[in-house]
Amino acid sequence: MAEVVLDHVYKIYPGDVTAVEDVSTTIHDKEFVVLVGPSGCGKSTTLRMVAGLEEISQGTISINGKVVNDVAPKDRDIAMVFQNYALYPHMSVRDNMAFGLKLRKFTKQEIDTRVNEAAEILELTPLLDRKPKALSGGQRQRVALGRAIVRKPEVFLFDEPLSNLDAKLRNQMRAEILRLHKRLDATIIYVTHDQVEAMTMGTRIVVMKDGLVQQIDAPIDLYDRPNNHFVAGFIGSPTMNFVTGTIEADEFKGGGVQFKLTDAQKNSGAKGEVIMGIRPEDLALGDPSNGDGTVSGTVDIAEPLGAETYLHVLVGAGKLIARVEPSNDLDTGAEAKLHFKPKKTHLFDPETSQVLR
């Protein structure tokens, strides 16, 4: 059972610089967990501590019930896939994939069997005799995956493996890794700064900021029920709109936005100044229905994307982005009237940044 447990884990560098602070979570057997956050949030450091490439300052990390704080990386039964592929340029694809097995004194027959199996899974069989310089970026990344697969480890660790690929290849490799996860029934811990990758790949997502875990949840729960202002703004593309306003007589007003609070929002104790969040896809053009919230403003920029259009609407001293149908003819300077369902809004405490529920 490939379960990974982080129990109050810290990473503190000389000079009292805390990179990771009090991280506790359990990655269950066969789970695909994604660590996501902006650059410098501590996600890669956390992954490297699991791998044994960084020492733990405090806390414990366990794999399959065994504390591995002082266990060498080669003895942790993990395999890691790096951002830069880390292939040996003078070796063929076959030798790159087999190298780790040779170091571990596997028989030639076992090495050949494992390499051929991995090559078939990743469609690398015709490329086994090529050198890395003769491969595309996507092919090199598949070789790096193959080198990890042949190990048959308990846990796979991925450190931003798709960052060097173009958009089309990233989409292809995301699907490749998801298929691999299902086929191998593996436990995977995956690090990325790309929230789209996180949302489409993870069974659970760990959102980090400044070394602290902000929320651990399934993708849809992060999207629908963010714990705080940061998570709400980080998850979703385009990012959530935020408007500061006040609540009086069970009504929110501020920044050109107005709506009646839902029963749940009334019961949350929200009062006085709050920050309201609304996702671009929850804003609609046209006449409001009974009970809808309303926004009026001036179109600053219209971004047609084919299947949809992003409208940047100037409202008061701020700006809102609406994700609308492409068949609108609004252009710069036009008046835009938007409406939304109050139940789609989120209210945050301006002092603590926590959601009010």
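Everything here concerns the structure above.
Quick caveat: nothing in here was measured; it's all calculated off a predicted structure.

S.K.: Any chance you could explain the nonpolar core here in plain terms?
M.R.: Formed by 46 residues in total, the largest nonpolar core has its most connected members in Met97, Leu145, Phe156, Phe158, Ile177 and Tyr190. Leaving out residues up to four positions away in the same chain, Phe156 has contacts with Ala79, Ala148, Ile149, Leu184, Ala186, Thr187, Ile188 and Ile189. In this structure, Ala19, Ile27, Leu35 and Leu47 belong to the second largest nonpolar core, which totals 28 residues.

S.K.: Help me understand helix α3 (residues 108-121) in this model?
M.R.: Helical periodicity: at 3.6 residues per turn, an α-helix aligns residues three or four positions apart in one direction. Taking 1.5 Å as the rise per residue, α3 with 14 residues should run 20 Å; its terminal C-alpha atoms sit 20 Å apart, in good agreement. Inspection of α3 places Ile111, Arg114, Val115, Ala118, Ala119 and Ile121 among the buried residues, and these make up the whole buried set. The arc that holds the buried residues of α3, viewed along the axis, is 160 degrees, so those residues lie on one side. Turned more than 90 degrees from where α3 packs its buried face, Gln109 and Glu120 sit exposed. Each element contacted by the buried residues of α3 is listed here: α2 (93-103), α4 (137-149) and α5 (167-184). Residue Glu123 follows α3 closely and has a positive phi angle near 55 degrees.

S.K.: Can you help me understand the sheet that holds strand β3 (residues 32-36) in this one?
M.R.: Each strand in a sheet pairs with its neighbour through backbone hydrogen bonds, running either in the same direction (parallel) or in the opposite one (antiparallel). Spatial ordering of the open sheet is given by β6-β7-β8-β3-β9-β10, a layout of six strands whose pairing is mixed. Looking at strand neighbours, the two that pair on one side only are β6 (78-81) and β10 (212-217), the edges of this open sheet. Taken over all neighbouring pairs, the strand axes of this sheet differ in orientation by 15 degrees on average, direction set aside. As paired strands, β3 and strand β8 (residues 187-192) are joined by five bridges and run parallel to one another. Bridge pairing in β8 places Val34 opposite Tyr190. The strands touched by α4 within the sheet are β6 and β7 (155-159), with β6 carrying the most contacts at an inclination of about 175 degrees.

S.K.: Which parts of the structure should I look at to understand the environment of Thr203?
M.R.: Within the secondary structure, Thr203 is located in the loop between α6 (195-201) and β9 (204-209). Note on Thr203: relative accessible area 40%, which makes it partly exposed. Sequence spacing of Thr203 and Ala218 is 15 residues, and the spatial spacing of their C-alpha atoms is 5.9 Å. Contacts of Thr203, omitting those with residues within four sequence positions, involve Glu31, Phe32, Val33, Ala218 and Pro219.

S.K.: Would you take a moment to explain α4 for this structure?
M.R.: Taking 1.5 Å of rise per residue, 13 residues should cover 18 Å, and α4 covers 18 Å from first to last C-alpha, within 8% of that figure. The set of residues buried in α4 consists of Gly138, Gln139, Gln141, Arg142, Val143, Ala144, Leu145, Gly146, Arg147, Ala148 and Ile149. Buried residues in α4 make contact with β6, α2, α3, β7 and α5.

S.K.: Would you take a moment to explain the environment of Ala198 for this structure?
M.R.: Tracing the backbone shows Ala198 in helix α6. Other than its neighbours up to four places away in sequence, Ala198 contacts Val34, Val36, Thr192 and Ile205.

What counts and what doesn't
- Residues numbered from 1 in each chain as written.
- Predicted model: local features only at pLDDT ≥ 70, side-chain atom pairs only at ≥ 80, totals over all residues.
- Heavy atoms only, no water.
- Core = buried A, V, L, I, M, F, W, Y, C linked by side-chain atoms within 4.5 Å.
- Buried < 20%, exposed > 50% of the residue type's maximum accessible area, 1.4 Å probe, protein only.
- Contact = heavy atoms within 4.5 Å.
- Helix = DSSP H or I, 4+ residues; strand = E, 2+ residues; numbered from the N terminus.
- Expected span 1.5 Å × (residues − 1).
- Arc of directions from axis to C-beta.
- Pairing = 2+ DSSP bridges.
- Axes fitted to C-alpha atoms, helices over the stretch in contact; angles between N-to-C directions.

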